Amino acid sequence: GDSVTQKEGLVTLTEGLPVMLNCTYQTIYSNAFLFWYVHYLNESPRLLLKSSTDNKRTEHQGFHATLHKSSSSFHLQKSSAQLSDSALYYCALSDRGEGADRLTFGKGTQLIIQP
Amino acid sequence: GPKVLQIPSHQIIDMGQMVTLNCDPVSNHLYFYWYKQILGQQMEFLVNFYNGKVMEKSKLFKDQFSVERPDGSYFTLKIQPTALEDSAVYFCASSMTGWNTLYFGAGTRLSVL
């Protein structure tokens, strides 16, 4: 079945440094959609980015990611980390199952930004 | 933005009892979902629901689980009877169509003792 790997469980950075959170995936479907969700403590996970287009950069709220189907990757990046970026980030995959989205999530990367 | 509300935020229950988790989805959404997250692991799909019916369920959706949304009220997940391995955070989500952005609730932490 589908799988999503986020190899870093915890990333700690100093404010102002660039952010890169890794995400790779496996699926047999060629029309996979990839997502990044951000989960702040005591809030709901919310969509940050999504893409299904190969080699096209997607941006939102200062973050960006590019889906590379050749390497099955969808890494999340930001040029300069802010304290408010501290949160849990989930990468997720949808193979567009029958009738509706069925997301496969990675284990998440906890991002901590220090002053 | 649109909000999905989950009630309660934490539920403690004895093994073997019944529990109902309540979800108030976004008002004009038509598709509803439950996901389960055991501590330290990823969120996993349980079930999706549309037009009064289960569309798809995973192998985690045991026979003891059921979902319903009677007359546009709460979308509920019922577990009867509960088992120790049901202890997890359960996230509800909704979307306008099956292929739109999923909006998640903040989760209900279920502790089965």
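Keep in mind it's a predicted model, so treat the numbers as computed, not measured.

About the cut-offs
Residues numbered from 1 in each chain as written. Chains lettered and ligands numbered in written order. Predicted model: local features only at pLDDT ≥ 70, side-chain atom pairs only at ≥ 80, totals over all residues. Heavy atoms only, no water. Helix = DSSP H or I, 4+ residues; strand = E, 2+ residues; numbered from the N terminus. Buried < 20%, exposed > 50% of the residue type's maximum accessible area, 1.4 Å probe, protein only. Contact = heavy atoms within 4.5 Å. Areas by Shrake-Rupley, 256 points an atom, 1.4 Å probe, with all protein chains shown as cover. Lys, Arg positive; Asp, Glu negative; His and termini not counted. Charge placed at Lys NZ, Arg CZ, Asp CG, Glu CD. Pairing = 2+ DSSP bridges. Axes fitted to C-alpha atoms, helices over the stretch in contact; angles between N-to-C directions. Phe/Tyr/Trp six-rings, centres within 6.5 Å; stacked < 30°, edge-to-face > 60°. Buried area = accessible area lost by both parts, 1.4 Å probe. Salt bridge = Lys/Arg side-chain N within 4 Å of Asp/Glu carboxyl O. Polar contact = N/O pair within 3.5 Å; in protein donor to acceptor, adjacent residues only side chain to side chain. Nonpolar A, V, L, I, M, F, W, Y, C, P; charged D, E, K, R; others polar.

A.B. asks: Let's hear about the overall build of chain A: which residues, and what values?
C.D. replies: When you go through chain A residue by residue, the secondary structure sums to 0 helices and 12 strands. Listed N to C, the secondary structure of chain A is β-β-β-β-β-β-β-β-β-β-β-β in terms of helices and strands. In terms of overall dimensions, chain A has C-alpha extents of about 45 × 30 × 25 Å along its principal axes. Residues counted as buried form 49% of the 115 residues belonging to chain A. Across chain A, contacts joining residues at least 24 apart in sequence account for 56% of those joining residues at least 6 apart. Total accessible area on chain A stands at roughly 5600 Å², and carbon and sulfur atoms take up 48% of it. Taken together, the 10 basic and 10 acidic charged side chains of chain A have centroids lying 2 Å from each other.

A.B. asks: Describe in detail the sheet that holds strand 7 (residues 65-68) of chain B, supporting the description with residues and values.
C.D. replies: Residues and elements named next belong to chain B. If you trace the 4 strands from one edge of the open sheet to the other, you get 1-3-8-7, paired in antiparallel fashion. Only two strands of the sheet have a single neighbouring strand rather than two, namely strand 1 (5-7) and strand 7. Strand after strand, the sheet turns through a mean of 20 degrees between neighbouring axes, direction not considered. Bridge count for strand 3 (residues 19-24) against strand 8 (residues 75-79) is 5 bridges, and the pairing is antiparallel. Each bridged residue has a counterpart across the sheet, and for Asn22 the counterpart in strand 8 is Thr76.

A.B. asks: Which residues make up the packing of aromatic side chains, and what values go with them?
C.D. replies: Overall, the coordinates contain 15 aromatic pairs over all chains when judged by the stated rule. On the basis of an interplanar angle of 45 degrees and a centroid distance of 5.7 Å, the ring pair of Phe63 of chain A and Tyr89 of chain A is categorised as tilted. Linking Phe63 of chain A in strand 8 (residues 63-66) with Tyr89 of chain A in strand 10 (residues 87-94), this pair joins segments that are 26 residues apart in sequence. Judged by relative accessible area, Phe63 of chain A falls into the buried class, the value being 4%. Taking 5.7 Å as the distance between ring centres and 90 degrees as the angle between the ring planes, the aromatic pair formed by Phe105 of chain A and Tyr35 of chain B counts as edge-to-face. Placement of the pair is Phe105 of chain A in strand 11 (residues 103-105) and Tyr35 of chain B in strand 4 (residues 31-37), with the two residues belonging to separate chains. Accessibility assignment for this pair places Phe105 of chain A and Tyr35 of chain B in one class, buried. An aromatic cluster of three or more residues is present, and its members are Phe33, Phe35, Tyr37, Tyr90 and Phe105 of chain A together with Tyr35, Phe45 and Phe104 of chain B.

A.B. asks: Could you give an account of the interface of chain A and chain B, with specific residues and numbers?
C.D. replies: With 19 residues of chain A at the interface, the matching set in chain B holds 21 residues. Interface area, chain A with chain B, both sides summed: about 1800 Å², of which 57% is carbon and sulfur. For the chain A face of the interface with chain B, the top three residues by lost area are Asp101, Arg102 and Phe105 of chain A, together amounting to 28%. At the junction of chain A with chain B, the criterion picks out 1 salt bridge. The partner of Glu56 of chain B in a salt bridge is Arg102 of chain A, and the shortest N-O contact between them spans 2.6 Å. Our enumeration of links across chain A and chain B arrives at 6 residue pairs in polar contact (both at pLDDT 80 or more). Elements represented by at least two residues in the side of chain A that touches chain B include exactly strand 5 (33-39), strand 6 (46-51) and strand 11 of chain A. By residue class, the composition of the side of chain A that touches chain B is 7 nonpolar, 5 polar and 7 charged.

A.B. asks: Help me get a handle on the sheet that holds strand 7 (residues 57-60) of chain A, residues and values and all.
C.D. replies: All names here are of chain A. What the 4 strands build is an open sheet, ordered 3-9-8-7; its pairing is antiparallel. Both edges of this open sheet fall to strand 3 (19-21) and strand 7, since each of them pairs with a single strand only. Along the sheet, successive strands turn relative to each other by an average axial angle of 20 degrees, direction set aside. Examined bridge by bridge, strand 8 and strand 9 (residues 76-78) share 3 bridges and lie antiparallel to one another. Bridge pairing links Phe63 to Lys78 in strand 9.

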